[in-house]
Amino acid sequence: MTTPTTAWRGQASLKCLARSEETVDCASFIFAAPEACSVDFLPGQFVCLGASIGGQLKMRAYSIASDVADRQHFRVAVRRVPGGLISNWLLDHVQPGVCVEALAPAGEFHLDPARHLAADAPRHIALFSAGCGITPMMSMTFWLLDKVPGAHIHFFHSARDEASLIFAGETSRLAREHANFHLYRFLSRPQRPQECFSRRVDSGAVCRLLPAGEAVEAYLCGPQAYMDQLGEALRAHGIPASSIHSESFFTPEVGEGQGAGCAEASTHAINLPDFGRELQITGEELLLDALEREGLPIIGACRSGVCGSCRCKVLDGQAQSSTSGPLSPADIEAGYVLACSTLAQGDLKLSLG
Ligand SMILES: Cc1cc2nc3c(=O)[nH]c(=O)nc-3n(C[C@H](O)[C@H](O)[C@H](O)COP(=O)(O)OP(=O)(O)OC[C@H]3O[C@@H](n4cnc5c(N)ncnc54)[C@H](O)[C@@H]3O)c2cc1C
Ligand code: FES
C-alpha cells in the first residue's frame with residue numbers, strides 16, 4: 001500500500017484502532033489517519049480530540065505519543081481528570097471501532113529537526129516529564145533515536161509510584177536497547193526504591209545527571225510549579241533560557257488583572273452579525289466561556305492559548321488578550337484574538353472562525 005501524499009488538515013472523524021490500559025486512570029489509543037490522508041506532525045505536537053456533547057462539539061488537546069515516521073496512525077494517552085468533560089468521555093466511550101472528532105496536529109512545542117540535525121547540534125537532549133506530560137517526550141524520543149543516533153537522550157520522568165508509570169514497559173525497553181537513552185525515574189512513593197530515584201527531581205539531580213559545560217537542549221512538560229523549579233535548576237546548571245522549552249497541559253490561571261476576581265464586573269454586549277445574535281458578557285468572563293454558554297459554534301480545544309481553535313475576529317470594540325500564541329502578526333493586525341484568553345473591555349462586534 002502506498003502512503004497517501006495529502007496531509008490531513010482541519011477537522012476529521014477518526015476511527016480508534018486499538019486501546020491499551022496504561023495505568024488505572026490512563027489509557028492509550030491508536031487512531032487511523034483520515035482516509036487518503038497522512039498524519040504529518042513534528043515530534044512534540046498535539047491533536048485535538050472530542051465529541052458532540054449536549055449538541056455542541058467539545059474538544060481538548062492531546063500530545064501525540066507515537067513516531068512521526070508512521071504517517072498512517074498516531075497514538076495518544078489520556079488520563080482521567082476528576083470532573084473532566086472530554087478526557088473522561090474518551091476513557092468511558094472510546095474502544096476499537098469507535099470514531100471521534102479530531103483536528104489536525106498543531107502546536108509550537110516540538111523538536112526543531114533542522115537544529116537537531118545541524119553539524120553543531122547539542123549532543124545532549126534532556127526530556128523532563130511528570131505524569132501524562134510523558135506523551136510528547138515519546139514522539140521526541142522516537143525521532144531522536146532514529147535521526148540523531150549520536151545524541152544522548154536524558155529521559156527524566158516523575159510519577160507517584162510504579163503503578164502510575166505511563167509507557168513503563170516501553171521506556172524500560174528503550175533503555176535496554178539503546179545505550180544513548182538514559183532513563184531516570186523519580187517516584188515520590190516507590191514500591192521498589194532501589195530501582196528508581198525515590199524523591200522528586202530537583203537541582204541536585206540536574207547537576208548530577210546532566211553533563212556540565214556541554215550544550216544541552218531541554219524540553220519540559222508537567223505542572224507549572226514542576227517546570228518553574230526545573231527551569232531555574234537548568235539555568236543554574238548553565239543551560240541558557242533559549243535552550244529550555246516547556247509546555248503545560250493545565251489551563252493557566254487567567255493572568256494578573258484578568259479573569260475571575262479582577263476589579264470591575266461591568267457588563268458588555270457582544271454582537272455576532274453572522275448569527276444575528278447579541279449576548280451579554282461581564283468584564284471577568286472569557287469570550288470562549290460566554291460563546292459556549294450561548295451555544296455558539298466555537299471550539300475551545302486546549303483552552304490554554306496554544307491550539308488556535310478558538311480564533312475569532314474582533315470587528316469593532318476593545319478586547320484584552322493574555323496570549324496570542326499561534327496567531328501570526330498579520331492575524332493580530334487584522335483583529336484576530338483567541339477567545340480562550342481574551343476579555344471584553346467594552347461592547348464588541350465579533351466574527352467566529
Ligand atoms: C498542548 C496540550 C497537550 C495535552 N496533552 C495531553 C495528553 O497527552 N494527555 C492528557 O491526558 N491530557 C493532555 N492535555 C490536557 C487535556 O487537553 C485536557 O485539558 C484535560 O484532559 C482536561 O480536559 P477535560 O475536558 O477532561 O476537563 P475539563 O472539563 O476541561 O476540566 C475539568 C476540571 O479539571 C481541571 N483540569 C483541567 N485540566 C486538568 C489536568 N490536565 N489535570 C488536572 N486537572 C485539570 C479544570 O481546571 C477543571 O476544573 C493536554 C493539554 C494541552 C494544552
Ligand atoms: S482553545 Fe486553543 S487557543 Fe484557545
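(A) Region of interest: helix 3 (residues 134-147). The terminal C-alpha atoms of helix 3 lie 20 Å apart, and with 14 residues this matches the ideal 20 Å at 1.5 Å per residue to within 8%. For helix 3, a buried count of 10 out of 14 residues is recorded, marking the element as mostly surrounded by other parts of the structure. All buried positions along helix 3 are accounted for by Ile134, Thr135, Pro136, Met137, Met138, Ser139, Met140, Thr141, Trp143 and Leu144.

(B) Main features of the site of ligand 1. In the vicinity of ligand 1 lie 26 residues, with Arg60, Gly84, Leu85, Ile86 and Ser87 positioned nearest. Of all the secondary structure elements, the ones that give two or more residues to the shell around ligand 1 are strand 4 (56-63), strand 5 (73-79) and helix 1 (86-93). Residues belonging to the shell around ligand 1 are distributed by class as follows: 14 nonpolar, 9 polar and 3 charged.

(C) A look at the domain arrangement of the protein. For the protein, the domain assignment lists domain 1 (11-106), domain 2 (113-247) and domain 3 (267-352). Inter-centroid distance (C-alpha atoms) of domain 1 to domain 2 is 24 Å. With 16 residues of domain 1 in contact, the opposing surface of domain 2 contributes 15 residues. Residue assignment for the side of domain 1 that touches domain 2 shows that the elements contributing at least two residues are strand 1 (11-23) and strand 5. Take the side of domain 1 that touches domain 2: its biggest share by element is 3 residues, from strand 5. Taken together, the residues that form the side of domain 1 that touches domain 2 break down as 9 nonpolar, 4 polar and 3 charged.

(D) Looking closely at unusual backbone geometry. Of note, phenylalanine 167 is a non-glycine position whose phi angle comes to about 55 degrees, a positive value. Relative to the elements of secondary structure, phenylalanine 167 occurs in the loop between strand 8 (152-159) and helix 4 (168-177). A count of 24 C-beta atoms within 10 Å places phenylalanine 167 in the buried class. Phi is positive for arginine 303, which is not a glycine, with a value near 55 degrees. With respect to the helices and strands, the residue arginine 303 is situated in the loop between helix 7 (287-293) and strand 14 (311-316).

(E) Broad picture of helix 6 (residues 224-236). When the terminal C-alpha atoms of helix 6 are compared, their 18 Å separation across 13 residues agrees well with the 18 Å that a helix rising 1.5 Å per residue should span. Those residues of helix 6 not exposed but buried are Tyr226, Leu230, Ala233 and Leu234. Around the axis of helix 6, the buried residues are gathered within 100 degrees of arc, so they sit on the same side. Opposite its buried face, helix 6 presents the exposed residues Ala225, Asp228 and Ala236, each directed more than 90 degrees away. Where helix 6 is buried, its residues meet strand 7 (124-130), helix 5 (203-209), strand 10 (216-221) and strand 11 (244-247).

(F) Molecular detail of the sheet that holds strand 2 (residues 26-32). Read across the sheet, 6 strands follow the order 4-3-6-1-2-5 without closing on themselves; strand pairing throughout is antiparallel. Looking at which strands have only one partner, the edges of the open sheet turn out to be strand 4 and strand 5. For this sheet, the mean angle separating the axes of adjacent strands, direction not counted, is 40 degrees. Sheet analysis places strand 2 next to strand 5, joined by 7 bridges and oriented antiparallel. Directly across from isoleucine 30, in strand 5, lies its bridge partner arginine 75.

Conventions used here
- Residues numbered from 1 in each chain as written.
- Chains lettered and ligands numbered in written order.
- Predicted model: local features only at pLDDT ≥ 70, side-chain atom pairs only at ≥ 80, totals over all residues.
- Helix = DSSP H or I, 4+ residues; strand = E, 2+ residues; numbered from the N terminus.
- Expected span 1.5 Å × (residues − 1).
- Buried ≥ 20, exposed ≤ 12 C-beta atoms within 10 Å, placed from the backbone.
- Near = placed C-beta within 6 Å.
- Nonpolar A, V, L, I, M, F, W, Y, C, P; charged D, E, K, R; others polar.
- Domains from an automatic or database assignment.
- Contact = placed C-beta atoms within 7 Å.
- Arc of directions from axis to C-beta.
- Pairing = 2+ DSSP bridges.
- Axes fitted to C-alpha atoms, helices over the stretch in contact; angles between N-to-C directions.

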